[in-house]
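One letter stands for each residue in the lines below.
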Amino acid sequence: MRQQNSIFDNLDWVLVALFLVMVFLGWFNIYAAVYNEEHKSIFDLSENYGKQLVWIGSSVLIALFILLIDGKFYTVSAYPVYGLVVLLLILVLVFGREVAGSKSWFEVGSFRVQPAEFGKFATSLVVAKYLSTLNIKFEDLKTKLITVLFIAAPALLILLQNDTGSALVYGAFLFVMYREGLSGNFLMAGVAIVVVFIVTLLFDPKIMMWITGTIAVLVFFAGKRTWKNALLIAVVAVVFSGMSYSVGYVVDNVLEKHQKTRINVMLGKEDDPKGVGYNVNQSKIAIGSGGFTGKGFLNGTQTKYKFVPEQSTDFIFCTVGEEWGFLGTFVVIVLFLFLLVRIIYVAERQKSTFTRIYGYGVASILFFHFAVNIAMTIGLAPVIGIPLPFFSYGGSSLWAFTILLFVFIKLDAYRMQLLR
Amino acid sequence: MDLRYSDRKLFVGGVIIFTGIIFLIRLFFLQVIDDTSKLSAENNVLRHMTEYPARGLVYDRKGKLLVYNEAYYDLMVIPKQVEKLDTLDFCTTLGITVDDFRQRMEKIKVYSKFKPSVFEKQLSSEFYALLQEKLYRYKGFFTQTRTLRKYPSRVAAHLLGYVGEVDDRMTKDNVYYKSGDYIGVSGIEKHYEEYLRGQKGDKVMMVDVKNVPKGSFKNGEYDKLPVSGLDLISTIDGELQAYAERLMQNKIGSVVAIEPSTGEILILATSPTYDPNLLVGRVRSANYSLLAKDEFKPLFNRALMAQYPPGSTFKLVNNLIAQQEKVVFPQTTYSCRMGYSAGGIHVGCHQHPSPLNLMQSVQHSCNAYYCNVYRNILDSKKSVREGYDVWRKHVLSFGFGKKFDTDLPSELRGLIPSGDYYDKIYGKSHWKSLTVVSLAIGQGELGTTPLQLANLVATLANRGYYYPPHLIKKIGNKKIEDKFTTKNYTTINKEYFQLVIDGMEQVVEAGTAARSKLKGIPYCGKTGTAQNPHGEDHSVFVCFAPKDNPKIALAVFVENSGKGGTYAAPIASLLIEKYLTDSLRRPFVEEFILNANLMPKPAIDKTVIKKETPSD
């Protein structure tokens, strides 16, 4: 048995290294995105890259602090942390400051915090805690409902702040629940709903019905031709068809106009390069113009001259694409895949259910951000304003992702201590 | 440990890897395969800013400025950048109404909110100075320097021509011109456009999303500096041109003067004329339509475009051709009894001694003599047609019936009818020398321009050759076209000219232009009368001076003024005096000419048709 004498013992250095590399690359790209010849000093606190340097420094301190605290603390404090965050999410609705249409910021002096960013961490903790409690079985309907409630509460509060993007992130917990035994059908249904939604918007509901019907018949003849299967397939087909019709209603009556336009632009049904489609269009131009090797550090014209809006936050991937080309985007995507797969690998090696579930929470949230953010910049998804973890400018999000990841790293290191 | 769902990690991992691969494929297409975004990126960020070169200046032969550029200012606006504008203050400064302001801004916004547009054109320097003080208050507005042509001596409008905006057709045909560019529309502005305009510069700037320039692209690697237009040195004598225009005031007609030893045009005046400054800038189109409507056609360049029968001046040509064809000799005499009569045709003549020899025929301009001589030319060959063709070939060698095709704006070719023309009218070999006898005295179907007559006397002064008359002697440091400095020989031998020149001297000494004799300057001239079926005949005088080593050859046309000796010859004599001595010793002649108002009454009595054949 080794003597434990340092907080760095038993750390998963791969995850730590990936974190550092990504934050470092992120900062370089923020510098490039905001760069202008008059303000070259990297410590200029009036510019985003100067501020980000402060955020990175403080994140490293937070990471160290997390590693210092006993791993047990996180299992114990799951409920209080969750309670605190939910309280903050309620308070922000009352006392928050509205930024760009979302009332999701606390402002203290020049310091702004977005509690929604920490909701993801708290929810991961609480879901892990609840599901790892003795005698709680995920198979029970009650357990499932309570889990969904834990997830839905912050999501709804964030939705009330009018921050749809951040609320959608909570959908990522479907992966967590799937891993813990939720029927694959739910995940499938989730994917199917998205597919049907998009396809219906592209085509007419009548065509959609024909397609559904054809697929249903094919599936029936491909599988066992029993009455039971026939009934099941028929029900699914009818539900899908009904959904097709309801989609039109939802789009016309439930969605807000800007959301509708975003969806239409993404689907290519609406061409509006100077309006809502502007972001996506410019983003694609910027990334595409990078070519194979990119234009070189600080030589990106599209991002530097602000053709791409929000280029240091939500559209930071454009700077990568323009200045570093396909090589750059390849590296970033491979880094993310490596990080995500590593987290799942580490989660799976845990003996503690709590740590495993929490790990899946981390992976799911990071994956959702990664997938939606990049899909948005390359025109595969509507513009949903969520940041690219570790890359995008922003203190709250960087802090939140650091906490999310390092608590997991700490829990993983703690696993070894349990073995003593 | 719960291992029931452990294999689900594979599915979750699979979804992650699958997403990553989809992204990579998409990015590979977007970044490596598809080129369109590279183009869009360039369009986004690069702006080609045209830098206009200064248009070349035009000097006269003595270095006096005829055309220069004056700076003026366009007030430009970028609607997107207009902020917190005190509209009322702005409108008061510009002297426009608020409604007008709104209308203009609406129109400009339709064109573009981000690109600069002209709000107000061609502000004067004085107004610019005033505006400059206030401009800081009008965000989004700025001024752009441009230039306008300016004509300090206000002369030679027709030959200098004017500059105007290119039309759509021009921008389609020629890639150099973009809408809004200026181009020489007429005169030497048009003919020398390629030299005068210079080369536009191109500055490649990078702009940000708000169209604000952020610096030059790749340190100006792709920039092209504008090249100023070349200055032209004209052959015109500005002072002499101005004097000619002054003498021609209140008269319709034209004056052309050529330096025989070079073919350089010293004067190219037409009357009525106009101030070239009228066709500049904002006032151009309004003035142009006023000038176009004027009944005396001030826009019509009579010196190059009016085609008159040459009248008696053409006897000089027939004289030389007859000598060349050896149908007449210095001692040949013909008698004249108030005209020439043959085969029922009578060509009248005036009172003069008779009979006359060849030289005297020039001095007294005897119609009968030339009728005889001309018929001899045509009848000396196997057929009249053949004789006519020989005669016509000689005539064309003097530059008649064709364009000189140098740098003259819209000259006309005139008319020396071909043999086919008469064949067509009268039938092949159904016409005789008598049929076309009016050509003997420069009447009939002949059409010559004042320029061609001036060139004729220059040819006489040179004894047998001419340089194509032209307007520009130097383009920057370049020489003019070789064509301009190449001698064009007539088909007449040099030795035949002396007799004609001596005869022309006698015209001035003791002939039809005796009143315009100049003391100490022996010169040679010939009066003429161009028949005018619509009214009083046109007075013509051609001459060169001095007789030996001639410096100037002139043709003066004064419409509706009768015989050549009355007005045309005195005008020519004044110009000769001015050019050769730079002084005027006969103020009474000048006064007489300046006071003469020969503008015809608007309604010309068409019932009065001249039947009498004129001769001087």
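Residues numbered from 1 in each chain as written. Chains lettered and ligands numbered in written order. Predicted model: local features only at pLDDT ≥ 70, side-chain atom pairs only at ≥ 80, totals over all residues. Heavy atoms only, no water.

**Re empty space enclosed by the protein**
Part 1 of the argument: Across all of its chains, the model carries three cavities of 30 Å³ or more by this definition.
Part 2 of the argument: One number sums up the size of the largest cavity: a volume of about 50 Å³.
Part 3 of the argument: Every residue along the wall of the largest cavity is listed here: Phe175(A), Ile344(A), Ala363(A), Ser364(A), Phe367(A), Val12(B), Val15(B) and Ile16(B).
Part 4 of the argument: Broken down by secondary-structure element, the contributors of at least two residues to the lining of the largest cavity are helix H16 (353–377) of chain A together with helix H1 (8–33) of chain B.
Part 5 of the argument: Tallied by class, the residues present in the lining of the largest cavity amount to seven nonpolar, one polar and no charged. (1 Å grid on protein atoms, 1.4 Å probe; cavity = no way out; pocket = protein on both sides within 12 Å on 5 of 7 lines; lining within 4 Å. Points joined across faces, edges and corners; volume = space filled by probe spheres on them. Helix = DSSP H or I, 4+ residues; strand = E, 2+ residues; numbered from the N terminus. Nonpolar A, V, L, I, M, F, W, Y, C, P; charged D, E, K, R; others polar.)

**Points about the interface of chain A and chain B**
The parts lose accessible area when they come together, and the size of an interface is often stated as this lost area.
Part 1 of the argument: At the junction of the two partners, chain A supplies 49 residues and chain B supplies 35 residues.
Part 2 of the argument: Carbon and sulfur atoms supply 73% of the area that chain A and chain B bury against each other, a total of about 3,700 Å² over both sides.
Part 3 of the argument: Counting across the chain A and chain B interface gives zero salt bridges.
Part 4 of the argument: Our count for the chain A to chain B interface comes out at nine residue pairs in polar contact (both at pLDDT 80 or more).
Part 5 of the argument: Among the secondary structure elements, those contributing two or more residues to the side of chain A that touches chain B are helix H8 (173–179), helix H9 (184–202), helix H13 (277–288), helix H14 (301–304), helix H15 (316–348) and H16 of chain A.
Part 6 of the argument: Broken down by element, the residue count for the side of chain A that touches chain B peaks at 12 residues, all from H15(A). (Contact = heavy atoms within 4.5 Å. Buried area = accessible area lost by both parts, 1.4 Å probe. Salt bridge = Lys/Arg side-chain N within 4 Å of Asp/Glu carboxyl O. Polar contact = N/O pair within 3.5 Å; in protein donor to acceptor, adjacent residues only side chain to side chain.)

**Some remarks on the sheet that holds strand S18 (residues 524–530) of chain B**
All names here are of chain B.
Part 1 of the argument: The antiparallel open sheet is built from five strands, whose spatial order is S12-S11-S20-S19-S18. With partners counted over all chains shown, the strands left at the sheet margins are strand S12 (264–271) and S18, one partner each. Neighbour-to-neighbour, the strand axes of this sheet turn through a mean angle of 10 degrees, independent of strand direction.
Part 2 of the argument: By the bridge criterion, seven bridges tie strand S19 (residues 538–545) to strand S20 (residues 552–558) in an arrangement that is antiparallel. Looking across to S20, one finds that Val540 is bridged to Phe557.
Part 3 of the argument: Set on the sheet, helix H20 (residues 568–581) makes contact with strand S11 (253–259), S12, S19 and S20; between it and S20 the angle comes to about 150 degrees. (Pairing = 2+ DSSP bridges. Axes fitted to C-alpha atoms, helices over the stretch in contact; angles between N-to-C directions.)

**Observations regarding unusual backbone geometry**
Residues and elements named next belong to chain B.
Part 1 of the argument: The residue after Ser354, namely Pro355, is reached through a cis peptide bond having omega -5 degrees.
Part 2 of the argument: With respect to the secondary-structure elements, Pro355 resides in the loop between strand S14 (345–348) and helix H14 (358–364).
Part 3 of the argument: If you check the backbone angles, Arg463 has positive phi at about 60 degrees while not being a glycine.
Part 4 of the argument: Note that Arg463 resides in the loop between helix H18 (450–462) and strand S15 (465–466).
Part 5 of the argument: On the accessibility criterion, Arg463 (21% relative accessible area) is partly exposed.
Part 6 of the argument: Even without being a glycine, Asp582 presents a positive backbone phi close to 55 degrees.
Part 7 of the argument: By secondary structure assignment, the location of Asp582 is in the loop between H20 and helix H21 (587–595). (Buried < 20%, exposed > 50% of the residue type's maximum accessible area, 1.4 Å probe, protein only.)

**So, the state of the cysteines**
All names here are of chain B.
Part 1 of the argument: Inspection of every chain in the model, using the stated rule, returns zero disulfides over all chains.
Part 2 of the argument: Of all cysteine sulfurs, the one in Cys366 lies closest to Cys371, which takes part in no disulfide; the gap is 8.2 Å.
Part 3 of the argument: A disulfide-free cysteine, Cys543 has its sulfur positioned 9.0 Å from the sulfur of Cys524, the nearest such atom.
Part 4 of the argument: A residue is classified by how much of its surface remains accessible, and Cys543, at 0% relative accessible area, is buried. (Disulfide = S-S within 2.5 Å.)

**Looking at the pairing of strand S13 (residues 339–342) of chain B**
Residue and element names in this part refer to chain B.
Part 1 of the argument: In terms of strand pairing, S13 meets S14 through four bridges, oriented antiparallel. Residue pairing in the sheet places Gly339 in a bridge with Gly348 of S14.
Part 2 of the argument: Connecting S13 to the antiparallel partner S14 that follows it, the hairpin turn spans two residues, and Gly343 within it adopts a positive phi of roughly 50 degrees.

**Looking at the nonpolar core**
Part 1 of the argument: Counting residues in hydrophobic clusters, the biggest one holds 137 residues, and the most contacted among them are Val255(B), Ile267(B), Leu268(B), Trp391(B), Leu554(B) and Leu575(B).
Part 2 of the argument: Excluding anything up to four places from it in sequence, Trp391(B) contacts Phe314(B), Asn318(B), Ile321(B), Tyr374(B), Ile377(B), Leu378(B), Ile416(B), Leu439(B) and Leu446(B).
Part 3 of the argument: In this structure, Leu11(A), Tyr130(A), Phe175(A) and Phe326(A) belong to the second largest nonpolar core, which totals 119 residues. (Core = buried A, V, L, I, M, F, W, Y, C linked by side-chain atoms within 4.5 Å.)

**Details of the pattern of salt bridges**
Part 1 of the argument: Scanning all chains against the criterion turns up 31 salt bridges over all chains.
Part 2 of the argument: One salt bridge connects Lys381(B) with Glu325(B), and the closest N-O pair in it is separated by 2.9 Å. Separated by 56 residues along the polypeptide, Lys381(B) in the loop between helix H15 (367–379) and helix H16 (384–396) and Glu325(B) in the loop between helix H13 (315–324) and S13 bring together distant segments of the chain.
Part 3 of the argument: What you see here is one network of salt bridges that share partners, running through Asp12(A), Arg342(A), Arg349(A) and Asp412(A).

**Quick notes on the packing of helix H5 (residues 115–131) of chain A against H16(A)**
All names here are of chain A.
Part 1 of the argument: At a minimum axis separation of 8 Å, H5 and H16 run at an interaxial angle of 145 degrees. Crossing of H5 against H16: the hand is right-handed. Of the residues in H16, those touching H5 at Lys120, Phe121, Ser124, Leu125, Val127, Ala128, Lys129 and Leu131 are Phe354, Ile357, Tyr358, Gly361, Val362, Ile365 and His369. (Left-handed = near helix turned anticlockwise from the far one by under 90°.)

**Concerning H18(B)**
One turn of an α-helix holds 3.6 residues; hence residues three or four places apart share an orientation.
Residues and elements named next belong to chain B.
Part 1 of the argument: Across its 13 residues, H18 extends 18 Å between first and last C-alpha, which sits within 8% of the 18 Å expected from 1.5 Å per residue.
Part 2 of the argument: For H18, the tally of buried residues reaches 13 of 13 residues, placing the bulk of the element in the interior.
Part 3 of the argument: After H18 finishes, the residue Arg463 shows a positive phi value of roughly 60 degrees. (Expected span 1.5 Å × (residues − 1).)

**Topic: H16(B)**
All names here are of chain B.
Part 1 of the argument: Between its first and last C-alpha, H16 extends 18 Å over 13 residues, near the 18 Å set by a 1.5 Å rise per residue.
Part 2 of the argument: Residues Val384, Gly387, Tyr388, Val390, Trp391, His394 and Val395 constitute the buried set of H16. Buried residues of H16, seen end-on, are gathered within an arc of 160 degrees and therefore sit on one face of the element.
Part 3 of the argument: Elements in contact with the buried residues of H16: H13, H15 and helix H17 (419–426). (Arc of directions from axis to C-beta.)

**A few points about the confidence of the model for chain A**
Part 1 of the argument: For chain A, mean pLDDT is 81; residues scoring 70 or higher make up 80% of the total.
Part 2 of the argument: Here helix H12 (residues 257–266) of chain A is the element of chain A with the lowest mean pLDDT, 62, and H15(A) is the one with the highest, 93. (pLDDT = per-residue confidence, 0-100.)

**Notes on the pairing of S20(B)**
Across a regular strand the side chains alternate sides, sitting on one face of the sheet and then on the other.
Residues and elements named next belong to chain B.
Part 1 of the argument: Counting buried residues in S20 gives seven out of seven residues, a clear majority hidden from the surface.
Part 2 of the argument: Going residue by residue along S20, you find Ile552, Leu554, Val556 and Val558 tucked away on one face and Ala553, Ala555 and Phe557 tucked away on the opposite face as well.
Part 3 of the argument: Strand direction decides the pairing type here: S11 and S20, joined by six bridges, are antiparallel. By the bridge assignment for S20, Val256 is matched with Ala555.
Part 4 of the argument: The hairpin formed by S19 and S20 contains six residues between the paired strands, and Asn549 there has a positive phi angle of roughly 55 degrees.

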